[in-house]
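Spelled out from the first residue to the last, the chains are:
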Amino acid sequence: MKTLDPSSQNTQAFNTQALSLGQAQQRIDQCVQDLLQNTSLRTERIQLEEAFGRTLAQDITSAVHVPAHTNSAMDGFAFRMPQKTNAEPTNMRFKLVGESLAGKPFTKTVAHDECIKIMTGALLPLELDTVAPFESVMMDSLGEPKNELTLGQWIDMDGARFKAGDNRRLAGEDIQKGARVLLQGQRLHAASMGLMASLGIAQVEVQALLKVAIFSTGDELQRPGETLKPGMIFDSNRYTLKGLLQGLGCEVIDLGIAADQPLALKHMLLEAAKVSDVIITSGGVSDGDADHTKALMQDMGEVYFWKIAMRPGRPLAFGKIGNSLLFGLPGNPVAVMVTFLSLVRPALLQMTRRQDDPAFAISTLTALCDEPIKKKPGRTEFQRGMTRRNAHGQLCVRLSGHQGSGILSSMVQADCLIVLEHDRADIQAQETVTLWPLPGLI
Ligand code: AMP
Ligand code: MG
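Summary of the structure given here. (Residues numbered from 1 in each chain as written. Chains lettered and ligands numbered in written order. Predicted model: local features only at pLDDT ≥ 70, side-chain atom pairs only at ≥ 80, totals over all residues. Heavy atoms only, no water.)

### A closer look at the site of ligand 1
Here comes step 1: As a structural note, the neighbourhood of ligand 1 is formed by 16 residues, with Glu220, Asp235, Ser236, Gly284 and Gly331 the closest of them.
Here comes step 2: Within the contact set of ligand 1, an oxygen atom lies 2.6 Å away from a side-chain nitrogen or oxygen of glutamate 220.
Here comes step 3: Between a nitrogen atom of ligand 1 and a main-chain N or O atom of serine 236, the distance comes to 3.0 Å.
Here comes step 4: Out of a free accessible area of 480 Å², ligand 1 has 76% covered by protein chains. (Near = heavy atom within 4 Å. Polar contact = N/O pair within 3.5 Å; in protein donor to acceptor, adjacent residues only side chain to side chain. Areas by Shrake-Rupley, 256 points an atom, 1.4 Å probe, with all protein chains shown as cover.)

Quick look at the structure:
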């Protein structure tokens with residue numbers, strides 16, 4: 001308890017007083033920082049094919065020049081540019097003696113009055129330095145060679161149009177052998193995947209995936225596919241959570257549903273702690289719930305029950321069981337999403353050292369509110385919103401349907417969350433509000 005929540009004197013204090021969302025975020029942040037100081041990053045070596053989206057656990061240094069050999073940037077004729085003298089006529093003639101294709105280099109020596117036909121990417125023989133594109137030498141108006149090319153044929157060129165080095169890609173021009181091209185901590189996207197392949201790298205050391213165990217709690221829950229009995233509901237939270245976690249590239253361990261019984265819950269938590277870095281549960285943490293849930297969690301580890309001044313999502317359990325961080329989220333489906341986005345997600349990003357990765361940053365927007373919204377000062381409120389542009393091109397937002405914390409349909413309709421900050425009171429129409437755009441987040 002001391003290590004987890006240094007600022008608290010006792011758990012009791014938090015049962016009587018709600019934390020602001022900002023305070024809760026800070027405490028979680030501090031706790032994750034402490035945890036990271038005492039744990040080293042797990043890494044694994046995987047095939048390049050599997051590496052997309054993963055985070056590098058090593059620097060990538062090139063063992064080769066890219067391109068490996070000096071080659072042609074165009075289809076054309078390769079030759080050695082003659083030394084120019086002031087009075088020299090600009091006309092040049094070279095005898096065609098062969099060809100160099102991509103993957104099939106010309107292997108003989110080319111004399112200074114000779115040239116070869118060369119294709120883009122084909123190796124440029126050492127003694128040659130310049131490529132004249134076909135179209136600049138002997139193309140008809142359709143871009144085809146005027147004549148069939150035959151070996152021994154003389155090719156005429158206007159020397160004034162070229163200088164030594166034209167259309168030549170030098171070995172190592174893109175990447176020098178020994179250069180560091182990707183850094184530890186970088187996330188592998190499509191371009192970095194291609195870059196590693198271009199260096200001939202087949203395996204790569206990456207951060208191990210964060211293992212997150214999830215389960216739902218509640219005697220009223222059934223699995224989709226079952227026949228719903230009276231008074232029961234389908235468990236939706238596990239599916240929402242799984243989606244949110246997969247979106248962050250976590251390894252999800254889905255443990256199913258735990259009944260509202262101390263023993264069932266205990267087994268599930270033990271199992272979860274054995275296999276995961278983080279445990280996320282939903283339901284069973286509000287005031288109305290049997291005290292045994294809280295007592296049990298506290299018994300098994302260092303777990304705090306926080307009331308957070310936010311809506312939806314007031315109750316939250318946070319702490320540690322074994323070596324796993326525990327987030328006990330409220331049961332209401334929308335509260336699950338909002339607490340996940342505002343409290344769990346930043347912690348998971350921090351644990352995977354991706355908190356500064358712009359790909360995961362929430363790019364907040366501001367918009368004019370189309371309608372008044374009731375808001376109590378003293379808590380952060382999240383509303384589901386739908387945006388539009390008005391005639392002046394300004395971003396405007398209105399509520400997306402019914403806002404009850406169990407209502408997922410308005411979350412599906414919404415394209416943003418409207419974040420009404422802690423100290424704000426009622427919002428008047430045309431006031432500016434902060435938005436979290438949902439695409440990319442959920
Ligand atoms: P609780 O915090 O356990 O009292 O749950 C609050 C509300 O959320 C209740 O109406 C529950 O039925 C509902 N709920 C809890 N867990 C789930 C779940 N996994 N899927 C859908 N609804 C849930
Ligand atoms: Mg419940």
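Right, picking up where we left off after that structure.
### Topic: the nonpolar core
Here comes step 1: Among the nonpolar cores identified, the biggest contains 49 residues, and Ile280, Phe327 and Phe340 are the most heavily contacted of them.
Here comes step 2: When sequence neighbours within four positions are dropped, the list of residues in contact with isoleucine 280 reads Val212, Ala213, Ile214, Phe215, Leu241, Leu245, Phe327, Leu329, Phe340 and Val344. (Core = buried A, V, L, I, M, F, W, Y, C linked by side-chain atoms within 4.5 Å. Buried < 20%, exposed > 50% of the residue type's maximum accessible area, 1.4 Å probe, protein only. Contact = heavy atoms within 4.5 Å.)

### Focus: the packing of aromatic side chains
Here comes step 1: Counted by the stated rule, this structure contains six aromatic pairs.
Here comes step 2: Residues tryptophan 306 and phenylalanine 318 carry aromatic rings whose centres are separated by 5.3 Å and whose planes lie at 35 degrees to one another, so their mutual orientation is tilted. Within this pair, whereas tryptophan 306 is found in strand S18 (residues 301–311), its partner phenylalanine 318 is found in strand S19 (residues 315–321), the two being separated by 12 residues in sequence.
Here comes step 3: The exposure class assigned to phenylalanine 318 is buried, which follows from its relative accessible area of 1%.
Here comes step 4: Here the aromatic residues Phe79, Phe94 and Phe162 are joined through ring pairs into a cluster of three or more.
Here comes step 5: The side chain of arginine 354 reaches across the aromatic face of phenylalanine 360, ending 4.7 Å from its centre. (Phe/Tyr/Trp six-rings, centres within 6.5 Å; stacked < 30°, edge-to-face > 60°. Helix = DSSP H or I, 4+ residues; strand = E, 2+ residues; numbered from the N terminus. Lys NZ or Arg CZ within 6 Å of the ring centre and 35° of its normal.)

In short, geometric facts, not functional conclusions.
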